[in-house]
Amino acid sequence: IPPIPAVDFSQFGAIETKPLARIRKLSAAHLSRCWLNVPHVTQTDEADITEVEAFRKQQSEELAAAGGPKLTLLPILMKAVAVAMKSYPEFNASLSPDGESLIMKQYCHIGFAADTPNGLVVPVVRDVWSKGIAELSAECAALAKKARDGKLKPDEMKGGCFSISSLGGIGGSHFTPIVNAPEVGILGVSRALMKPVWDGMAFQPRLMCPLSLSYDHRVIDGAYAARFIVHLSRLLADVRRLLL
Ligand code: CAO
């Protein structure tokens, strides 16, 4: 790849040179490798999370009243992604290094991007299939705290099958997350907004959450990814489906 030519910026005005934090240097190299090796496509959708958000708020209040931690959207998304991966197992696969076969995983570990003062890290929650939302919530909160405090162990950032990057707490709509190779899919989640949605008779106010699914097009076909995101949106629209 032709390098970007070096520029002496000081000829244009005053500058200051700041060394990059170690995590930022590591993630820069990893993200460049992922971007250059994986042919990316990003499929977007909007999930109706009106009911699940009402449920989340009610549960959060009950947990807080009992002195527990609040329930955020992230563990609910994580559970829904894990359940969707059961129906769409190619999202739980990796390409073999020689590109000759797909390695299908019979476990489900999901990473989530955590913003820390030193840069981006991706702690991994293990065995999401076998855990309930309250347990996932406690684990996400503990891992996010460790990430912010710079106390994550290397093992806690390994073994992920899929990643979630949630920017919903900040804002913005859709974006194009970079696949965290050798995983083949990553879900970007943005801020949910109340929108008028036509129900066939009238517009109804519904809380719509933008989803951005980037995938490795060597492994996943566009139709498969579209079916996956539609399935995921349906699971989020009615979380009772997670029990089926
Ligand atoms: N829509 C609307 N509101 C949302 C939301 C969404 N999709 N997701 C979260 N929120 C709200 C929460 O309900 C919470 O509201 P209250 O404070 O009123 O309860 C608030 O936003 C803060 O949520 P949060 O982001 O702190 O909590 P979380 O569990 O959803 O996320 C974590 C945790 C670790 C994912 C987050 O702190 C973080 O680091 N996000 C950044 C990830 C990132 O950098 N991604 C980019 C990677 S690629 O460069």
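Calculation criteria
- Residues numbered from 1 in each chain as written.
- Predicted model: local features only at pLDDT ≥ 70, side-chain atom pairs only at ≥ 80, totals over all residues.
- Helix = DSSP H or I, 4+ residues; strand = E, 2+ residues; numbered from the N terminus.
- Rg over C-alpha atoms; globule rule 2.2 N^0.38 Å.
- Buried ≥ 20, exposed ≤ 12 C-beta atoms within 10 Å, placed from the backbone.
- Contact = placed C-beta atoms within 7 Å.
- Core = buried A, V, L, I, M, F, W, Y, C linked by C-beta atoms within 7 Å.
- Near = placed C-beta within 6 Å.
- Nonpolar A, V, L, I, M, F, W, Y, C, P; charged D, E, K, R; others polar.
- Expected span 1.5 Å × (residues − 1).
- pLDDT = per-residue confidence, 0-100.
- Pairing = 2+ DSSP bridges.

S.K.: Help me understand the overall build of the protein, please; the structure alone is not making it clear to me.
M.R.: Helices and strands together make up the secondary structure of the protein, namely five helices and 11 strands. Relative to its length of 244 residues, the protein is compact, with a C-alpha radius of gyration of 19 Å against a globular reference of 18 Å. Referenced to the eigenvectors of the C-alpha coordinate spread, the extents of the protein come out at roughly 60 × 45 × 40 Å. Within the protein, the proportion of its 244 residues that are buried is 30%. Considering only contacts in the protein between residues 6 or more positions apart, those separated by 24 or more positions represent 65%.

S.K.: Please clarify how the nonpolar core should be interpreted in this entry.
M.R.: Buried together is how nonpolar side chains tend to be arranged in soluble globular proteins. If you look at the biggest cluster of nonpolar residues, it comprises 51 residues, and the most contacted ones within it are Met78, Ala80, Val81 and Ile110. At the level of elements, helix H3 (73-87), strand S4 (110-112), strand S7 (124-125), helix H4 (133-148), strand S8 (162-166), strand S9 (185-189), strand S11 (203-216) and helix H5 (222-237) are the ones that each hand at least two residues to this core. Top element by residues in this core is H3. It accounts for 10 residues. Apart from residues lying up to four places away in sequence, alanine 80 is in contact with Leu232, Leu235, Leu236 and Leu242.

S.K.: Just checking my understanding: could you explain the site of the ligand for this structure?
M.R.: If you check the shell around the ligand, you find 19 residues, and the closest are Thr72, Ala113, Gly168, Gly169 and Ala192. Broken down by secondary-structure element, the contributors of at least two residues to the shell around the ligand are H3, strand S5 (114-116) and S8. Along the lines of polarity and charge, the residues of the shell around the ligand split into 12 nonpolar, five polar and two charged.

S.K.: Just to check I follow, could you spell out the environment of tryptophan 198 for this structure?
M.R.: For tryptophan 198, the location among the structural elements is in strand S10 (residues 193-198). Measuring from C-alpha to C-alpha, the distance between tryptophan 198 and threonine 116 comes to 40 Å, with 82 residues separating the pair along the chain.

S.K.: Sorry if this is basic, but what is going on with H3 here?
M.R.: Given 3.6 residues to a turn, an α-helix orients residues that are three or four positions apart in the same direction. Under the 1.5 Å per step criterion, the end-to-end length of H3 is 22 Å for 15 residues, consistent within 8% with the ideal 21 Å. In terms of burial, H3 is a largely internal element, 12 of the 15 residues being buried. Restricting attention to buried positions, one finds in H3 the residues Leu74, Pro75, Ile76, Leu77, Met78, Lys79, Ala80, Val81, Ala82, Val83, Ala84 and Met85.

S.K.: Looking at this structure, how should I read the confidence of the model for the protein?
M.R.: When pLDDT is low, close inspection of the predicted coordinates is not appropriate. Within the protein, residue pLDDT values average 96, and 100% of them lie at 70 or more. Quick note on the complex model: pTM equals 0.95, ipTM equals 0.90.

S.K.: Explanation requested: unusual backbone geometry in the structure shown.
M.R.: Generally, phi is negative for residues other than glycine and the peptide bonds are trans, each holding for most cases. Following alanine 181, the chain continues to proline 182 via a peptide bond in cis, the omega torsion being 10 degrees. Of note in the backbone geometry, aspartate 127 takes a positive phi value of approximately 50 degrees without being a glycine. Structurally, the position occupied by aspartate 127 is in the loop between S7 and H4. By the C-beta count within 10 Å, which is 13 here, aspartate 127 ends up partly exposed.

S.K.: Hey, could you run me through the pairing of S9 in this one?
M.R.: Regular strands place their side chains on alternate faces of the sheet. Within S9, five of the five residues are buried, which leaves the element mostly enclosed by the surrounding structure. Of the two faces of S9, both are covered, the one formed by Gly185, Leu187 and Val189 as well as the one formed by Ile186 and Gly188. In the sheet, S8 pairs with S9 via four bridges, with the strands oriented parallel. Considered in S9, the bridge of serine 165 is made with glycine 188. Taken together, the five bridges between S9 and S11 define a ladder with antiparallel strand orientation. If you follow glycine 188 over to S11, its bridge partner there is serine 212.

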